[in-house]
Amino acid sequence: MFEGQSTAGYRETARALAREFAPRAKQWDQQREYCWQNVRELTAAGLMGMTIPTRFGGAGASWLDAVVVIEEIARACTLSARIVVEANMGGISAVMAYGTDEQRAFAAELVLKGDKPAICITEPDAGSAATEMMTTARRDGSRYILNGIKHWITGGGVSRLHFIFARVLDQDGRDEGIGGFLVHADPAAGITPPGFTVVGRERTMGLCGMPEAELRFENLVVEADMVVLPPSGFRRGFADLMNAYNSQRVGAGAVAMGIAAGALDHATRYLKERRQFGRPLAEFQGLQWMLADMDTAVHASRLLLYDAAGSRSSGPGNFPDIMMAARAKAYASEAAIKVVSDALQIFGARGYGDKEPLERMYRDVRMFTIGGGTAQILKTQVAGALLGIKTPQTRDGYARLADGN
Ligand code: FAD
Ligand code: COA
């Protein structure tokens, strides 16, 4: 078990690691390699699984502690920061809040030893429309048989613990709702359960060291004791599982904000270093105003994320509020893309080349308005909360609501 730290202590621990990670970030990106060395150091520092309750060997750290750590790591290495997110938020936190003691102990052991779990929601025909997922888990006595395809799964091929959202069917094929299924694979050791295949890896524009892969399940057997039963039952399982997922949205927003904070630091330094027209760039008022806007956007993002991290949803477990998480991630991701772009602009041609980290940060930051709920979907959730209405997106959604269906 790791000693818990104060929030300031966590920040210092993360800063020290970030100093080590910064010079390595280019290597993982260019070689499209998972940063195992960093994972070992994150594990030794107690940052993998820091939010896991002390009873299961973690430090019981808060969402705010995790956000603070993620920002510091993301300033230096986006890849490592994303690993910290999924080792503390999302799938693992759903297991910690809703799982049985056996499931919690099992998942905690993997993460505390350095595993970044994979959360498997998205399918080829169910992206934003996640409730239309087709992956099924059919009950067969004391086990479930999974069939379906998930794609864009972060960590596919390196993660050991897989938390799979699937449509639960009873013995007679009747739809019971959505459940979370735990599947253990160890691809590095060549161990994959029968019927579980990692099919392909996407060639992504950013975060190149992180595999994004398609997973296929063909009659994959999951014992009933590996099903995380949502507290309100399968019928409302999707809502409960997404309630836990709000923590991951806050984490993803923190990565985007951390990249932007790092880009702001680089831009501030360069404005003082670079001279044109016989004086430092820092003396040009147009660039000063740009810098002030960048700083404001980063700070506003940070405050929204802290606010969301400290909020509580009305759902089960201690998860951030859906609206506050959506607002913070949508804002932070859009703001970060603009901040990093402006920082690159301040570097001129130098920012466009790979001697500086800006071009990598620019590619890395782009995903955050897409993965984990697009900015459009998140804003729809914010608007729904503000208006106090349901916002169905299907063609007949509002008509069905009016009819009371
Ligand atoms: P679509 O849903 O097809 O949307 C296309 C466009 O239409 C988007 O701009 C979207 O905002 C817009 N749109 C769609 N519906 C509406 C609407 N109703 N109103 C307004 N605009 C709309 N998934 C996982 O399950 N696990 C992972 O680990 C994971 N990691 C990812 C990592 C990366 C790098 C990326 C890029 C994606 C990852 N995803 C993961 C998938 C991600 O969650 C989906 O990409 C996302 O939910 C959007 O789905 P989609 O790409 O199919 O886009
Ligand atoms: N937190 C808590 N509850 C949530 C939730 C969240 N983040 N997202 C949805 N729910 C609840 C809804 O409140 C609703 O509950 P209700 O029946 O009491 O109203 C239920 O889940 C179904 O959601 P609804 O918005 O009615 O579903 P929909 O069929 O219109 O689908 C979503 C919309 C939820 C799929 C879409 O808004 C979304 O979040 N898409 C992105 C998926 C995503 O983030 N993928 C990331 C993969 S890593």
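Residues numbered from 1 in each chain as written. Chains lettered and ligands numbered in written order. Predicted model: local features only at pLDDT ≥ 70, side-chain atom pairs only at ≥ 80, totals over all residues. Heavy atoms only, no water.

## Looking at the overall build of the chain
Moving on, step 1. Each helix and strand in the chain was counted, giving 14 helices and ten strands.
Moving on, step 2. The globule rule puts the C-alpha radius of gyration for 405 residues at 22 Å, and the 21 Å found for the chain is close to it.
Moving on, step 3. Oriented by its inertia axes, the alpha-carbon framework of the chain measures out at about 80 × 55 × 40 Å.
Moving on, step 4. For the chain, the residues scored as buried account for 54% of the 405 residues in total.
Moving on, step 5. Counted over contacts in the chain with a minimum sequence separation of 6, partners at least 24 positions apart contribute 71%.
Moving on, step 6. Approximately 17,500 Å² of the chain is accessible, and the part contributed by carbon and sulfur atoms is 52%. (Helix = DSSP H or I, 4+ residues; strand = E, 2+ residues; numbered from the N terminus. Rg over C-alpha atoms; globule rule 2.2 N^0.38 Å. Buried < 20%, exposed > 50% of the residue type's maximum accessible area, 1.4 Å probe, protein only. Contact = heavy atoms within 4.5 Å. Areas by Shrake-Rupley, 256 points an atom, 1.4 Å probe, with all protein chains shown as cover.)

## Brief notes about unusual backbone geometry
Moving on, step 1. One non-glycine residue with positive phi stands out, namely Asn219, at about 55 degrees.
Moving on, step 2. Relative to the helices and strands, Asn219 is located in strand 7 (residues 212–223).

## Quick notes on empty space enclosed by the protein
Moving on, step 1. Here the structure, examined in full by the defined rule, presents three cavities of 30 Å³ or more.
Moving on, step 2. Taken together, Ala25, Trp28, Asp29, Cys77, Thr78, Leu79, Leu207, Cys208, Gly209, Arg360 and Asp364 form the lining of the largest cavity.
Moving on, step 3. No other element matches helix 2 (residues 25–31), which puts three residues into the lining of the largest cavity.
Moving on, step 4. Taken together, the residues of the lining of the largest cavity sort by class into six nonpolar, two polar and three charged. (1 Å grid on protein atoms, 1.4 Å probe; cavity = no way out; pocket = protein on both sides within 12 Å on 5 of 7 lines; lining within 4 Å. Points joined across faces, edges and corners; volume = space filled by probe spheres on them. Nonpolar A, V, L, I, M, F, W, Y, C, P; charged D, E, K, R; others polar.)

## Quick word on the site of ligand 2
Moving on, step 1. Taken together, 19 residues form the shell around ligand 2, and within it Ser128, Thr131, Asn246, Arg249 and Lys390 come nearest.
Moving on, step 2. A distance of 3.4 Å is found between an oxygen atom of ligand 2 and a backbone nitrogen or oxygen belonging to Gly373.
Moving on, step 3. The side chain of Gln381 places a nitrogen or oxygen atom 3.2 Å from an oxygen atom of ligand 2.
Moving on, step 4. Its free accessible area being 930 Å², ligand 2 has 73% of it covered by the protein chains.
Moving on, step 5. At the level of elements, helix 8 (237–273) and helix 13 (375–387) are the ones that each hand at least two residues to the shell around ligand 2. (Near = heavy atom within 4 Å. Polar contact = N/O pair within 3.5 Å; in protein donor to acceptor, adjacent residues only side chain to side chain.)

## What to know about the layout of surface pockets
Moving on, step 1. By volume, the second largest pocket is sized at about 430 Å³.
Moving on, step 2. Along its surface, the second largest pocket is lined by 24 residues, and Ala22, Arg75, Ala76, His266 and Pro357 are the ones closest to its centre.
Moving on, step 3. The set of elements that each furnish at least two residues to the lining of the second largest pocket consists of helix 1 (7–21), helix 2, helix 4 (63–76), helix 8 and helix 12 (358–365).
Moving on, step 4. Residue composition of the lining of the second largest pocket, by class: eight nonpolar, four polar and twelve charged.

## A few points about the environment of Pro193
Moving on, step 1. Here Pro193 shows up in the loop between strand 5 (175–184) and strand 6 (196–201).
Moving on, step 2. Between the C-alpha atom of Pro193 and that of Val183, which follows or precedes it by ten residues, the distance is 8.3 Å.
Moving on, step 3. Ignoring anything within four residues of it in the chain, the contact list for Pro193 reads Val183, His184, Ala185 and Leu220.

## Here's the deal with the packing of helix 4 against helix 5 (residues 78–86)
Moving on, step 1. Taken N-terminus to C-terminus, the directions of helix 4 and helix 5 make an angle of 155 degrees; their axes are 6 Å apart at the nearest point. Relative to helix 5, the element helix 4 lies roughly antiparallel. Contact with helix 4, carried on its side by Val69, Ile70, Ile73, Ala74 and Ala76, involves Thr78, Ser80, Ala81, Val84 and Val85 of helix 5 and no other residues of that element.
Moving on, step 2. Taken together, the residues of the contact of helix 4 with helix 5 sort by class into eight nonpolar, two polar and no charged. (Axes fitted to C-alpha atoms, helices over the stretch in contact; angles between N-to-C directions. Parallel < 35°, antiparallel > 145°, perpendicular 65-115°, else oblique.)

## Quick look at the side chain of Ser311
Moving on, step 1. Mapped onto the fold, Ser311 is located in the loop between helix 9 (285–309) and helix 10 (322–346).
Moving on, step 2. At 2.6 Å, the side chain of Ser311 forms a polar contact with the backbone oxygen of Ala308.

## Let's talk about helix 7 (residues 101–112)
Moving on, step 1. Helix length check: helix 7, at twelve residues, gives a terminal C-alpha distance of 16 Å against a target of 16 Å (1.5 Å per residue), a fit within 8%.
Moving on, step 2. Those residues of helix 7 that sit buried are Gln103, Arg104, Ala107, Ala108, Leu110, Val111 and Leu112.
Moving on, step 3. Residues of helix 7 that are buried sit in contact with helix 3 (36–44), helix 6 (91–98), strand 4 (161–169), strand 5 and strand 8 (227–228).
Moving on, step 4. Directly beyond the C-terminal end of helix 7, a positive phi value near 115 degrees is found at Gly114. (Expected span 1.5 Å × (residues − 1).)

## A look at the site of ligand 1
Moving on, step 1. Close to ligand 1 lie 18 residues; Thr122, Ser128, Trp152, Thr374 and Gln376 are nearest.
Moving on, step 2. In this structure, an oxygen atom belonging to ligand 1 sits 2.8 Å away from a main-chain N or O atom of Ile121.
Moving on, step 3. Contact distances for ligand 1 include 2.7 Å between an oxygen atom and a side-chain N or O atom of Gln376.
Moving on, step 4. If ligand 1 stood free it would expose 970 Å²; the protein chains cover 66% of that surface.
Moving on, step 5. At the level of secondary structure, the elements contributing two or more residues to the shell around ligand 1 comprise strand 1 (118–120), strand 3 (143–154) and helix 13.
Moving on, step 6. The element best represented in the shell around ligand 1 is strand 3, accounting for three residues.

## Some details on the environment of Met48
Moving on, step 1. Tracing the backbone shows Met48 in the loop between helix 3 and helix 4.
Moving on, step 2. Through-space distance from the C-alpha of Met48 to that of Leu112 is 5.7 Å; in sequence the pair is 64 residues apart.

## Regarding the pairing of strand 3
Moving on, step 1. Two strands pair when backbone bridges link them, and strand 2 (residues 136–140) and strand 3 are joined in this way by five bridges, in the antiparallel orientation. Across the sheet, residue Ala137 finds its bridge partner in strand 3, namely Leu146.
Moving on, step 2. Following strand 2, the chain reverses through two residues before pairing antiparallel with strand 3; Gly141 in that reversal takes a positive phi of roughly 65 degrees.
Moving on, step 3. By the bridge criterion, ten bridges tie strand 3 to strand 7 in an arrangement that is antiparallel. Note that in strand 7 the partner of Asn147 across the bridge is Glu218. (Pairing = 2+ DSSP bridges.)

## Regarding the pattern of salt bridges
Moving on, step 1. The final tally for this structure, using the stated rule, is 31 salt bridges.
Moving on, step 2. In this structure, the salt-bridge partner of Arg363 is Asp29, at a minimum N-O distance of 2.7 Å. Remark: Asp29 occurs in helix 2 and Arg363 occurs in helix 12; sequence separation between them is 334 residues. (Salt bridge = Lys/Arg side-chain N within 4 Å of Asp/Glu carboxyl O.)

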